[in-house]
Amino acid sequence: MRFYTSILLWVGLMLFLMGCQADNGVKTIKLAHGLDVNHSVHKALVKMGEDLEEISKGKMTVEIYPNQQLGTERQIVELLQIGSLDMTKVSAATLENFAPKTRVLGLPYLFRSREHSFKVFDGPIGEELLNDGKKYWLKGLGFYDAGSRSFYTKEKAIESPDDLKGQKIRVMPSVTAMEMVRGFGGSPTPISWGELYTSLQQGVVDGAENNPPSFYLSKHYEICKYYSLNEHTFSPDIILVATHFWDKLSEQEQSWLQQAVDASVVYQRELWAKAEAEALDAVQKAGVKIIKPDKSLFSKETERVYEKYKADETLSKLIQQIKAVE
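Residues numbered from 1 in each chain as written. Predicted model: local features only at pLDDT ≥ 70, side-chain atom pairs only at ≥ 80, totals over all residues. Heavy atoms only, no water.

- If you look the protein chain up in an unreviewed UniProt entry, it shows as C4-dicarboxylate ABC transporter substrate-binding protein from Flagellimonas olearia.

### Structural notes on the pairing of strand E10 (residues 237-242)
Link 1 in the chain: Most of E10 is tucked away, with six of its six residues classed as buried.
Link 2 in the chain: For strand E3 (residues 87-91) and E10, the ladder comprises five bridges, and the chain directions are antiparallel. Along E10, the bridge assignment pairs Lys 89 with Ile 239.
Link 3 in the chain: Bridge count for strand E4 (residues 138-144) against E10 is six bridges, and the pairing is antiparallel. Each bridged residue has a counterpart across the sheet, and for Tyr 144 the counterpart in E10 is Asp 237. (Buried < 20%, exposed > 50% of the residue type's maximum accessible area, 1.4 Å probe, protein only. Helix = DSSP H or I, 4+ residues; strand = E, 2+ residues; numbered from the N terminus. Pairing = 2+ DSSP bridges.)

### Observations regarding the sheet that holds strand E6 (residues 168-171)
Link 1 in the chain: The six strands are arranged E7-E6-E8-E5-E9-E11 in an open sheet whose pairing can be described as mixed. Looking along the sheet, the strands with just one partner apiece sit at the ends: strand E7 (187-190) and strand E11 (289-291). Across the sheet, the axes of successive neighbouring strands diverge by a mean angle of 30°, strand direction being ignored.
Link 2 in the chain: Here four bridges tie strand E5 (residues 149-153) to strand E8 (residues 207-210), and the two strands are oriented antiparallel to one another. Across the sheet, Thr 153 pairs through a bridge with Gly 207, a residue of E8.
Link 3 in the chain: Each of E5, E6, E7, E8 and strand E9 (226-233) touches helix H7 (residues 175-184); the most contacted strand, E7, lies at about 155° to it. (Axes fitted to C-alpha atoms, helices over the stretch in contact; angles between N-to-C directions. Contact = heavy atoms within 4.5 Å.)

### Quick look at the packing of helix H2 (residues 40-55) against helix H11 (residues 251-285)
Link 1 in the chain: Two elements in contact, H2 and H11, have axes whose closest approach is 8 Å; the angle formed by their N-to-C orientations is 145°. For H2 against H11, the interelement crossing comes out right-handed. Of the residues in H11, those touching H2 at Ser 40, Val 41, Lys 43, Ala 44, Lys 47, Met 48, Asp 51, Leu 52 and Ile 55 are Trp 256, Leu 257, Gln 259, Ala 260, Val 261, Ala 263, Ser 264, Tyr 267, Gln 268, Leu 271 and Trp 272.
Link 2 in the chain: Residue classes in the contact of H2 with H11 are distributed as 13 nonpolar, four polar and three charged. (Left-handed = near helix turned anticlockwise from the far one by under 90°. Nonpolar A, V, L, I, M, F, W, Y, C, P; charged D, E, K, R; others polar.)

### Section: the domain arrangement of the protein chain
A common way to report how large an interface is uses the accessible area buried once the components associate.
Link 1 in the chain: Domain annotation for the protein chain reports domain 1 (28-146 + 235-282) and domain 2 (148-234 + 291-324).
Link 2 in the chain: Each of domain 1 and domain 2 has a C-alpha centre, and these two points are 22 Å apart.
Link 3 in the chain: Summing both sides of the interface, domain 1 and domain 2 together bury roughly 3,300 Å²; the carbon and sulfur share of this comes to 68%.
Link 4 in the chain: The interface formed by domain 1 and domain 2 includes zero salt bridges.
Link 5 in the chain: The interface formed by domain 1 and domain 2 includes twelve residue pairs in polar contact (both at pLDDT 80 or more).
Link 6 in the chain: Elements that contribute at least two residues to the side of domain 1 that touches domain 2 include exactly helix H5 (114-121), helix H6 (124-130) and H11.
Link 7 in the chain: It is H11 that provides the largest number of residues to the side of domain 1 that touches domain 2, a total of six residues. (Domains from an automatic or database assignment. Buried area = accessible area lost by both parts, 1.4 Å probe. Salt bridge = Lys/Arg side-chain N within 4 Å of Asp/Glu carboxyl O. Polar contact = N/O pair within 3.5 Å; in protein donor to acceptor, adjacent residues only side chain to side chain.)

### Structural notes on unusual backbone geometry
Link 1 in the chain: Even without being glycine, Gln 68 reaches a positive phi, approximately 60°.
Link 2 in the chain: Following the sequence through the fold, Gln 68 ends up in the loop between strand E2 (60-65) and helix H3 (73-81).
Link 3 in the chain: The partly exposed category is assigned to Gln 68, whose relative accessible area is 22%.
Link 4 in the chain: Despite not being glycine, Tyr 109 has its phi angle at roughly 55°, a positive value.
Link 5 in the chain: By the element assignment, Tyr 109 lies in the loop between helix H4 (92-95) and H5.

### Description of the packing of aromatic side chains
The geometry of an aromatic ring pair is captured by two quantities: the separation of the ring centres and the angle between the planes.
Link 1 in the chain: According to the stated counting rule, one finds eight aromatic pairs in the structure shown.
Link 2 in the chain: Between Phe 151 and Phe 184 the ring centres are 6.0 Å apart and the planes differ by 80°, which places this aromatic pair in the edge-to-face class. Of this pair, Phe 151 sits in strand E5 while Phe 184 sits in helix H7, and the two are 33 residues apart along the sequence. Of the two residues examined, Phe 151 and Phe 184, each falls in the buried class.
Link 3 in the chain: Three or more aromatic residues joined by ring pairs make a cluster, and in this case those are Phe 111, Phe 121 and Phe 143.
Link 4 in the chain: Directly above the ring of Tyr 267 sits Lys 47, whose terminal nitrogen or CZ lies 5.4 Å from the centroid.
Link 5 in the chain: Across from the ring centre of Tyr 306, 4.6 Å away, lies the NZ or CZ of Lys 323, which sits over that ring. (Phe/Tyr/Trp six-rings, centres within 6.5 Å; stacked < 30°, edge-to-face > 60°. Lys NZ or Arg CZ within 6 Å of the ring centre and 35° of its normal.)

Following this line, the structure appears as structure tokens:
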């Protein structure tokens, strides 16, 4: 694994050195992510690149490497940190390993609704969270909608937290996610996204948790025939830029890039709403049973997760500020 990681870092570095600044003076941004090209995130990033090229009158362009071509989310973020890659889309759960305050975004039932989450993301609290990783060479530029995450399983429908007992559930490499599943009575098992389909097939895990488009586009519905919409988190995707790259841009170039990202955020959220409805319809037609459990049964079991945050003054205050947003 160390050898594999080293190769990825080397490849990323070579790409950066060869392509960051073209001979004709055009700045080419290297952007990598782990999602399918049919995902709303990829489509929004393509639009961002097109808008940036138009806004900058061709002075800035974006090259996108999807489908984990340059590694897992964590590996891609590490490439940003060492300056071998310029931008990425990262899930909040992965980012919490680099920017401590973003841990709160993975807390179950923190947001009352999607609208509440957008008000937080697009306001001063969101700005604070986007800047939390700057001392780790990472700057957030915007929040994409990643919907709500729910449980899907192979053999057993999840109607209540009791049904998770003894179940091995794949989670992202996030302390918050592991504490949440453990709080529900399940056994959290961190596995990379690219390895999950095979892990489900082979019985390494009994299920996972994710949003409808990811459940559908990953084809996990071919194995997992139960999808329980308990909607435990509204954990966003975040557009990141390496400070190594950002700080070399002029104020005008930074403004162009931020403008393009802002427009892509609006576009992605529109795409997401449509993709979510289409995904749920498609998996049902493929034989997946959609369960709509009583969410209060799950939210009651999250008190122990929140208890662990009370001792951290910064995170505890942030939680209260988020809940106070109207």
